[in-house]
Amino acid sequence: MARLSPDKAKVLRDRIWNEIDATLLIPGDIIKIKLGDIIRADVRLLKGGPVKIYKGPLTGVSFSRDTYKEDFFASGSICTQGEIDAVVIATGSRTKFGEHTHPVDTTNQDDQYQKDFTAILQFCMCVAVVAMLIETVVMYPHSTTCLSYGN
């Protein structure tokens, strides 16, 4: 998920606007969102002009949505018009986007289905090897007698 996040965020800390690494955002930070910005965390909009936010990367909806004060937007949304301030309410795996991607990152690779599949595959391989050995033992005497008739 980190490679999907933009590098920088404009944040208000100690009454000063600074540009910081987006991974350093924490809930409660006030950020500035402007045209072209990818929203770096789950946010609630505060003040600013009218904006349009595109949620396509998250929802698949192909149009931008007009926003109003107190709207919530999830991490990964894109500002397509205007400029507005917002308060960060969730970051990282605690975002709506992160809630859906985190379970994929942490799946247990040795679940019961995989163990059963591996056991069946090993059994089939053993049966195939044994069948080849039996065929070799049974067919070997016949192949040598057929060759001796030709001489």
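What you are looking at is a predicted structure, and each value in this text was computed from that prediction instead of being measured.

## As for the pairing of strand β1 (residues 8–13)
Of the pairings in the sheet, the one linking β1 to strand β2 (residues 16–21) comprises six bridges and is antiparallel in character. Pairing of lysine 8 across the sheet is with aspartate 21, part of β2. Linkage of β1 to β2, two consecutive antiparallel strands, is achieved through a turn of two residues, within which aspartate 14 is found at a positive phi near 55 degrees. Bridge analysis of β1 against strand β3 (residues 30–34) gives two bridges, and the strand direction is antiparallel. By the bridge assignment, valine 11 is partnered in β3 with isoleucine 31.

## Topic: the packing of aromatic side chains
Following the criterion strictly, the structure yields one aromatic pair and no others. Taking the ring centre of tryptophan 17 as reference, the NZ or CZ of lysine 32 above it sits at 4.7 Å.

## Brief notes about the pattern of salt bridges
Using the criterion set out here, one finds four salt bridges in the structure. The salt bridge involving arginine 13 is made with aspartate 29; its shortest N-O contact spans 2.5 Å. Taken together, the residues span a long stretch of sequence, with arginine 13 in strand β1 and aspartate 29 in the loop between β2 and β3 at a distance of 16 residues. Aspartate 29 gets classed as buried once you look at its relative accessible area, which sits at 5%. Residues lysine 34 and aspartate 37 are paired through a salt bridge, measuring 3.7 Å at the closest nitrogen-oxygen approach. On the basis of relative accessible area, lysine 34 is assigned to the partly exposed category, the value being 40%. Within the structure, one salt-bridge network assembled from shared partners comprises Lys32, Glu83 and Asp85.

## Quick notes on the nonpolar core
With 18 residues, the main nonpolar core has Ile31, Ile33, Val43 and Leu45 as its most contacted residues. Those elements giving two or more residues to this core turn out to be β1, β3, β4 (42–48) and β9 (83–90). The biggest single contributor to this core is β9, with three residues.

Parameters and conventions
Residues numbered from 1 in each chain as written. Predicted model: local features only at pLDDT ≥ 70, side-chain atom pairs only at ≥ 80, totals over all residues. Heavy atoms only, no water. Pairing = 2+ DSSP bridges. Helix = DSSP H or I, 4+ residues; strand = E, 2+ residues; numbered from the N terminus. Phe/Tyr/Trp six-rings, centres within 6.5 Å; stacked < 30°, edge-to-face > 60°. Lys NZ or Arg CZ within 6 Å of the ring centre and 35° of its normal. Salt bridge = Lys/Arg side-chain N within 4 Å of Asp/Glu carboxyl O. Buried < 20%, exposed > 50% of the residue type's maximum accessible area, 1.4 Å probe, protein only. Core = buried A, V, L, I, M, F, W, Y, C linked by side-chain atoms within 4.5 Å.

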